[in-house]
Amino acid sequence: MKRIQYDEYGGPELMRIDDFELEVPGQGQVAVQIKFAAVNPIDWKVRNGHLKMVTGRVFPRAMGSDFSGTVISIGSGVTRFKPGDAVFGLARIKESGALGQAVVTNEGFLSKKPDTVSFQDAACLGTPGVTAWNGLVDKARLTKGKHVFVNGCTGAVGEAVVQIARMLGCVVSGSCSAAAMQRAQALGLQRIFDYRTTDLSMLNERYDVVYDTAGTMATAVGLRLAAKDGLFLDIDPSPGKFIRALFNRRLKPIVCTPKADILDALAQAAGEGKYRLPVAEIVTLKEAPRLIAALEAGRKLNGKGLVVME
């Protein structure tokens with residue numbers, strides 16, 4: 001089988017497509033033949049070594065986090081899946097591997113793909129949806145009627161946050177570029193601000209939850225926009241922010257933490273048409289390094305970039 005991998009931490013030039021031998025799934029693990037993989041910023045952040053305290057220094061290392069596909073085999077103790085099941089989910093952060101023809105991941109990092117959701121749409125759901133859920137539900141305990149502000153509301157995580165917040169009965173406002181205003185309006189936001197022409201720190205409104213899904217909002221601005229008992233959710237955590245959060249309970253750094261119940265909830269929402277992310281471009285595995293490098297360099301897509309496995 002083939003996958004994208006690299007022999008040391010560093011830039012996009014290190015990516016190569018190489019042969020590998022799929023491991024046998026162990027206790028609580030599932031082997032999946034991948035149909036589509038979605039490209040996420042976490043993929044190149046891991047390759048650049050930003051998480052090497054977690055991922056370690058054993059090479060070669062595979063790339064990729066989100067995928068959809070079909071179960072090949074299961075390890076001992078797996079009860080939720082069987083060979084032939086159509087699934088979507090996330091690779092293990094330490095091993096990665098979604099950008100390849102097959103991967104082994106944890107049972108709890110998967111959910112069954114709804115029949116009404118295509119494999120390409122299912123591949124987009126994992127990391128954005130889990131990250132949104134971790135913030136809105138796990139951290140903020142969001143309830144109906146609350147007001148949410150989403151910085152970067154038309155990015156992948158931003159769109160997931162908007163859709164899940166509205167699914168929970170909340171009122172949502174947010175910021176995006178002028179070019180994305182129409183997309184934001186279609187998502188049902190109450191108020192939309194152009195981040196290039198609006199000084200968000202000067203807004204008079206206060207929100208129950210401010211979610212920075214773009215990773216560009218200063219902590220001071222996020223905390224100012226949050227109501228007195230509101231929260232600022234930060235998608236771009238750092239050691240300094242975690243330390244600050246110990247002393248300020250209104251600041252919540254968010255780390256994508258997949259769990260079976262979250263993925264099942266996302267599957268149900270997607271099956272009911274309440275959660276979907278647009279697909280902007282599909283490339284082959286051979287073409288994937290080029291797309292990843294372009295996105296890493298700042299290219300913008302009006303939706304998700306996918307890799308189809310042949």
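Description of the structure in this document. (Residues numbered from 1 in each chain as written. Predicted model: local features only at pLDDT ≥ 70, side-chain atom pairs only at ≥ 80, totals over all residues. Heavy atoms only, no water.)

## Here we look at the pattern of salt bridges
- Under the counting rule described, the total for this entry stands at 14 salt bridges.
- The salt bridge involving R92 is made with E95; its shortest N-O contact spans 3.5 Å.
- Take R92: its relative accessible area is 9%, and that puts it in the buried class.
- Residues joined by salt bridges that share partners form a network here, namely D7, R16 and D18. (Salt bridge = Lys/Arg side-chain N within 4 Å of Asp/Glu carboxyl O. Buried < 20%, exposed > 50% of the residue type's maximum accessible area, 1.4 Å probe, protein only.)

## Some words on helix α5 (residues 156-167)
- Taking 1.5 Å per residue, 12 residues should reach 16 Å; α5 reaches 17 Å between its end C-alpha atoms and fits that length.
- With nine of 12 residues buried, α5 lies mostly within the body of the structure.
- Among the residues of α5, V157, G158, E159, A160, V161, V162, Q163, I164 and A165 are the ones counted as buried.
- G169 sits one or two residues past α5 and shows a positive phi near 90°. (Helix = DSSP H or I, 4+ residues; strand = E, 2+ residues; numbered from the N terminus. Expected span 1.5 Å × (residues − 1).)

## What about the sheet that holds strand β14 (residues 251-253)?
- With respect to topology, six strands assemble into an open sheet ordered β11-β10-β9-β12-β13-β14, the strand pairing being parallel. Only two strands of the sheet have a single partner each, and these edge strands are β11 (192-194) and β14. When strand polarity is set aside, the average angle formed by the axes of neighbouring strands in this sheet is 15°.
- As paired elements, strand β10 (residues 171-176) and β11 share three bridges and run parallel to each other. Bridging across to β11, C176 finds its partner in D194.
- Those strands touched by helix α4 (residues 126-139) are β12 (207-212), β13 (226-234) and β14, and its axis lies near 155° from that of β12.
- Taken strand by strand, helix α8 (residues 239-247) contacts β13 and β14, and its axis lies near 145° from that of β14. (Pairing = 2+ DSSP bridges. Axes fitted to C-alpha atoms, helices over the stretch in contact; angles between N-to-C directions. Contact = heavy atoms within 4.5 Å.)

## Concerning the side chain of E281
- Of note, E281 is situated in strand β15 (residues 279-284).
- E281 gets classed as buried once you look at its relative accessible area, which sits at 18%.
- There is a polar contact of 2.7 Å between the side chain of E281 and the side chain of R299. (Polar contact = N/O pair within 3.5 Å; in protein donor to acceptor, adjacent residues only side chain to side chain.)

## Topic: unusual backbone geometry
- Cis geometry is adopted by the peptide bond preceding P60, which originates at F59 and carries an omega value of 0°.
- Counting through the fold element by element, P60 comes out in the loop between α2 (52-55) and β4 (61-62).
- Despite not being glycine, R141 has its phi angle at roughly 50°, a positive value.
- Assignment of secondary structure puts R141 in the loop between α4 and β9 (147-151).
- We classify R141 as exposed; its relative accessible area is 60%.

## Some points on a nonpolar patch on the surface
- A cluster of nonpolar side chains, M53, V54 and I93, forms an exposed patch at the surface whose accessible area comes to about 350 Å².
- Structurally, M53 is set in helix α2. (Patch = residues over 30% accessible without salt bridge, like charges linked within 9 Å, V, L, I, M, F, W, Y side chains within 5 Å. Areas by Shrake-Rupley, 256 points an atom, 1.4 Å probe, with all protein chains shown as cover.)

## Focus on the sheet that holds strand β2 (residues 16-19)
- If you walk across this open sheet you meet the three strands as β2-β1-β4, and the pairing is antiparallel. Either end of the sheet is taken by a strand with one partner, and the two such strands are β2 and β4.
- Sheet analysis places strand β1 (residues 2-6) next to β4, joined by two bridges and oriented antiparallel. When the bridges of β4 are listed, Y6 appears paired with R61.

## Considerations on helix α10 (residues 288-296)
- Among all positions in α10, only A288, P289, L291, I292 and L295 are buried. One side of α10 carries all its buried residues, which in axial view fall inside an arc of 160°.
- In the core, the buried residues of α10 are packed alongside β1, β2, α1 (41-47), β15 and β16 (304-308).
- Just downstream of α10 lies G298, where phi reads positive at about 115°. (Arc of directions from axis to C-beta.)

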